[in-house]
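Structural overview for review
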Amino acid sequence: MKLTFLGTGTSQGVPVIGCQCEVCRSNDRRDKRLRTSAMVEIGESRFVIDAGPDFRYQMLREGVNRLDAILLTHMHKDHTAGIDDVRAFNFVDYPTIHTMHIYGNEATIKRIEMEYDYAFAQNKYRGVPVIELHTINEAHPFEVNGISIVPIIGEHSERFRSVGYRFGDLAYLTDFSAIAAEEEAKLEGVKVLVINSLRWEKHDSHLSVEEALEIINRVKPERAYLTHMSHGIGLHAEAEKRLPKGVQFAYDGLQVEL
Ligand SMILES: [Zn+2]
Ligand SMILES: [Zn+2]
Ligand SMILES: [Zn+2]
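First, a word on what this report is: a plain description of the structure on this page. (Residues numbered from 1 in each chain as written. Chains lettered and ligands numbered in written order. Predicted model: local features only at pLDDT ≥ 70, side-chain atom pairs only at ≥ 80, totals over all residues. Heavy atoms only, no water.)

**A few points about the coordination of the zinc ion (ligand 2)**
Looking at the zinc ion (ligand 2), one finds its protein donor set to be Cys 19 (SG), Cys 21 (SG), Cys 24 (SG) and His 231 (ND1), positioned 2.1 to 2.3 Å from the metal centre. Around the zinc ion (ligand 2) sit four donor atoms; with metal-centred angles ranging over 104 to 114°, the donor geometry is tetrahedral. A relative accessible area of 21% means that Cys 19 is categorised as partly exposed. (Donors = N, O, S within 2.8 Å, 3.2 Å for Na, K, Ca; no water. Tetrahedral: all angles 85-135°; square planar, octahedral: opposite > 155°, others 65-115°. Buried < 20%, exposed > 50% of the residue type's maximum accessible area, 1.4 Å probe, protein only.)

**Focus on unusual backbone geometry**
With omega at 0°, the peptide bond leading from Val 14 into Pro 15 counts as cis. Its location among the elements puts Pro 15 in the loop between strand 1 (2–7) and strand 2 (37–42). Going from Tyr 94 to Pro 95, the amide bond is cis rather than trans, its omega being 10°. Tracing the chain through its elements places Pro 95 in the loop between helix 3 (87–90) and strand 5 (100–104). A positive phi angle, near 60°, is found at Asp 175, a position not held by glycine. (Helix = DSSP H or I, 4+ residues; strand = E, 2+ residues; numbered from the N terminus.)

**Considering the coordination of the zinc ion (ligand 3)**
Coordination sphere of the zinc ion (ligand 3), protein contribution only: His 74 (NE2), His 76 (ND1), His 156 (NE2) and Asp 175 (OD), at 2.1 to 2.3 Å. If you look at the zinc ion (ligand 3), its four donor atoms make angles of 90 to 174° with each other, and the shape they trace is irregular. Coordination of the zinc ion (ligand 3) draws on donor residues from a single chain, spaced H-x1-H-x79-H-x18-D in sequence. Between the zinc ion (ligand 3) and the zinc ion (ligand 1), both coordinated by Asp 175, there is a metal-metal distance of 3.4 Å. One end of the pair, His 76, is in the loop between strand 4 (69–71) and helix 2 (77–80); the other, Asp 175, is in the loop between strand 10 (170–172) and helix 5 (181–184), and 99 residues separate them in sequence. For His 76, a relative accessible area of 24% translates into the label partly exposed. Taking relative accessible area as the criterion, Asp 175 reaches 1% and is therefore assigned buried.

**Topic: the sheet that holds strand 4**
The strands that make up a sheet pair up through hydrogen bonds in the backbone, lying either parallel or antiparallel. Judged by pairing direction, the sheet is mixed, and its seven strands sit side by side in the order 6-5-4-3-2-1-14 without closing on themselves. If you trace the sheet from one side to the other, it starts and ends with strand 6 (131–135) and strand 14 (255–257), each paired once. Averaged over neighbouring strand pairs, the angle between their axes works out to 20° when direction is ignored. In the sheet, strand 1 pairs with strand 2 via five bridges, with the strands oriented antiparallel. The residue of strand 2 that forms the bridge with Phe 5 is Ala 38. The sheet strands contacting helix 1 (residues 55–62) are strand 1, strand 2, strand 3 (45–49), strand 4 and strand 14, and the helix crosses strand 1 at an angle near 135°. (Pairing = 2+ DSSP bridges. Axes fitted to C-alpha atoms, helices over the stretch in contact; angles between N-to-C directions. Contact = heavy atoms within 4.5 Å.)

See below:
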């Protein structure tokens, strides 16, 4: 199994437009964070978790020409705004058309149907995305290409849930602000845990570094990676020194084999 971090930045990305802070002016490539997304490859199957506004560039950068499915964590634009670009995958072998399979919970799938209504219209305009939506029941594992995926529910804010995904030894959680004990129990035994941490200070809809570390301490994975960072984390090279052993800030392009 291989995990590739496609983007590790919060909704605005890093650098932030117009910001003159030292992180946004840094030349370290680890301080340049596209919107949060990751690719998981298991055998011949290739999944992407979330398709935000940087999806097109992320696919080009990693040289991806085929995707089996996109798993959405929640409906926020920084995780869904790139979905129109699945057209490239639909038509890559034209006249054979590859349908893109998109998975998410009920609220997310309903929103995608609304926002991309032209893709689901009766009389479709030629060349619109070819998508098949799959509503998952967050309470139960589901299968894609024979691979079992366990949804893990997190609280994002009072109005939103975010869904994390576990693939065997790997779990990927983003846009959590809290996790209930029964959901955390589904992480037992993971070797690699990816979890969001926005910044050092507390925030009402995203975990801080300290809060993410508390969850990591309880779950005890072999390795943990933090993602969905803002420029408030500071320079990567400085910030990483503040993390305990076995935990690191992810950065765009980082690959993890397991
Ligand atoms: Zn987000
Ligand atoms: Zn900045
Ligand atoms: Zn969000």
